[in-house]
Amino acid sequence: MTDLDWQLPDPDRHREFYADVPVKRFVAWVIDAAIVLALTLLAIPLTLFTALFYLPFLWLVLSFAYRTVTLARGSATWGMRFMGIELRTFRGERFALPEAALHTLIYSVCMAFVIPQIVSIVLMLTTPRAQGIPDLALNTAALNRRR
């Protein structure tokens, strides 16, 4: 077993795991937002258009469910998978349901307020492991997928 099997890779010794991760995360976020938008638009007629009265809440619920389920099932949302990145715990393990739900909860709180979201973006662009607020809070990181 290597040091990569039990912890997050060192950003100085294993730069390839963090190469272009901030850009990939942004593109993955755009893809995921489009998927949540499609799910939301699909749900509107299924609710006989009553969802229009609580559309922001519907978006929030669908986004939370989508992110939590996809992170728990593969440690990456569909956008992240498309971009070739995944989230890992501080032990280098894939996310399970508790980590996925907690990461999504912190992400959702950051998205609800402008300043935490800006701080999170700045952190992703400046920290050695390209970690945002949810990553720093849980000691996780987005990595280029191991091949």
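No experiment lies behind these values; they were computed from the predicted model shown.

Undergrad: Is there a simple way to explain the overall build of the protein chain in this structure?
TA: Of regular secondary structure, the protein chain possesses 6 helices and 2 strands. Counted from the first residue to the last, the protein chain has its helices and strands arranged as α-α-α-β-α-α-α-β. Relative to a compact globule of 147 residues, whose C-alpha radius of gyration would be 15 Å, the protein chain shows 16 Å and is just as compact. When its C-alpha atoms are laid out on the principal axes, the protein chain stretches across 55 × 30 × 25 Å. Carbon together with sulfur atoms contributes 72% to the accessible area of the protein chain, which is approximately 8,500 Å² in total. Distance between charge centroids for the protein chain: 5 Å, based on 14 positive and 11 negative side chains.

Undergrad: Would you mind going over the packing of aromatic side chains with me for this structure?
TA: What describes a pair of aromatic rings is the distance from one ring centre to the other and the angle between the planes of the rings. What the rule picks out here adds up to 2 aromatic pairs. Look at Phe26 and Trp29: their rings are 6.3 Å apart centre to centre, the planes differ by 25 degrees, and that puts the pair in the stacked class. Here Phe26 pairs with Trp29, and both are found in helix H1 (residues 21–46), just 3 residues apart, close to one helical turn. Overall, the relative accessible area of 52% leaves Phe26 in the exposed class. Directly above the aromatic system of Tyr107 lies the positively charged group of Arg67, at a separation of 3.9 Å from the ring centroid.

Undergrad: It is not clear to me how H1 should be interpreted in this structure. Could you clarify?
TA: Within an α-helix, residues lying three or four positions from one another point in the same direction, as the helix has 3.6 residues per turn. Taking 1.5 Å of rise per residue, 26 residues should cover 38 Å, and H1 covers 37 Å from first to last C-alpha, within 8% of that figure. For H1, every residue scored as buried is listed here: Val21, Lys24, Arg25, Ala28, Asp32, Ile35, Val36, Thr40, Ala43 and Ile44. Where H1 ends, the next residue or the one after it, Leu48, has phi of about 55 degrees, a positive value.

Undergrad: Would you mind going over the side chain of Gln131 with me for this structure?
TA: Checked against the element boundaries, Gln131 lands in the loop between helix H5 (114–126) and helix H6 (133–138). Looking at Gln131, the relative accessible area reads 7%, which means it is buried. Setting aside its immediate chain neighbours within four residues, Gln131 contacts Arg25, Leu123, Met124, Leu136, Asn139, Thr140 and Ala141.

Undergrad: Help me out: how do you make sense of the nonpolar core in this one?
TA: Counting 11 residues, the largest nonpolar core consists of Val21, Ala28, Leu71, Ala76, Met80, Ile85, Leu87, Phe95, Ala100, Ala130 and Ala142. Among the elements of the structure, H1 and strand S1 (85–88) are those that each provide at least two residues to this core. Among residues more than four places away in sequence, those in contact with Ile85 are Val21, Lys24, Arg25, Ala76, Met80, Leu143, Asn144 and Arg145. Counting residues in each nonpolar core, the second largest holds 5 residues, with Leu8, Phe17, Tyr18 and Ala141 among its members.

Undergrad: Explanation requested: the pairing of S1 in the structure shown.
TA: With burial as the criterion, each face of S1 is covered, one bearing Ile85 and Leu87 and the other bearing Glu86 and Arg88. For S1 and strand S2 (residues 141–144), the ladder comprises 4 bridges, and the chain directions are antiparallel. Following the sheet pairing, Leu87 is matched in S2 by Ala142.

Undergrad: Would you take a moment to explain the environment of Tyr54 for this structure?
TA: Structurally, the position occupied by Tyr54 is in the loop between H1 and helix H2 (55–74). For Tyr54, a relative accessible area of 34% translates into the label partly exposed.

The rules behind each value
- Residues numbered from 1 in each chain as written.
- Predicted model: local features only at pLDDT ≥ 70, side-chain atom pairs only at ≥ 80, totals over all residues.
- Heavy atoms only, no water.
- Helix = DSSP H or I, 4+ residues; strand = E, 2+ residues; numbered from the N terminus.
- Rg over C-alpha atoms; globule rule 2.2 N^0.38 Å.
- Areas by Shrake-Rupley, 256 points an atom, 1.4 Å probe, with all protein chains shown as cover.
- Lys, Arg positive; Asp, Glu negative; His and termini not counted.
- Charge placed at Lys NZ, Arg CZ, Asp CG, Glu CD.
- Phe/Tyr/Trp six-rings, centres within 6.5 Å; stacked < 30°, edge-to-face > 60°.
- Buried < 20%, exposed > 50% of the residue type's maximum accessible area, 1.4 Å probe, protein only.
- Lys NZ or Arg CZ within 6 Å of the ring centre and 35° of its normal.
- Expected span 1.5 Å × (residues − 1).
- Contact = heavy atoms within 4.5 Å.
- Core = buried A, V, L, I, M, F, W, Y, C linked by side-chain atoms within 4.5 Å.
- Pairing = 2+ DSSP bridges.

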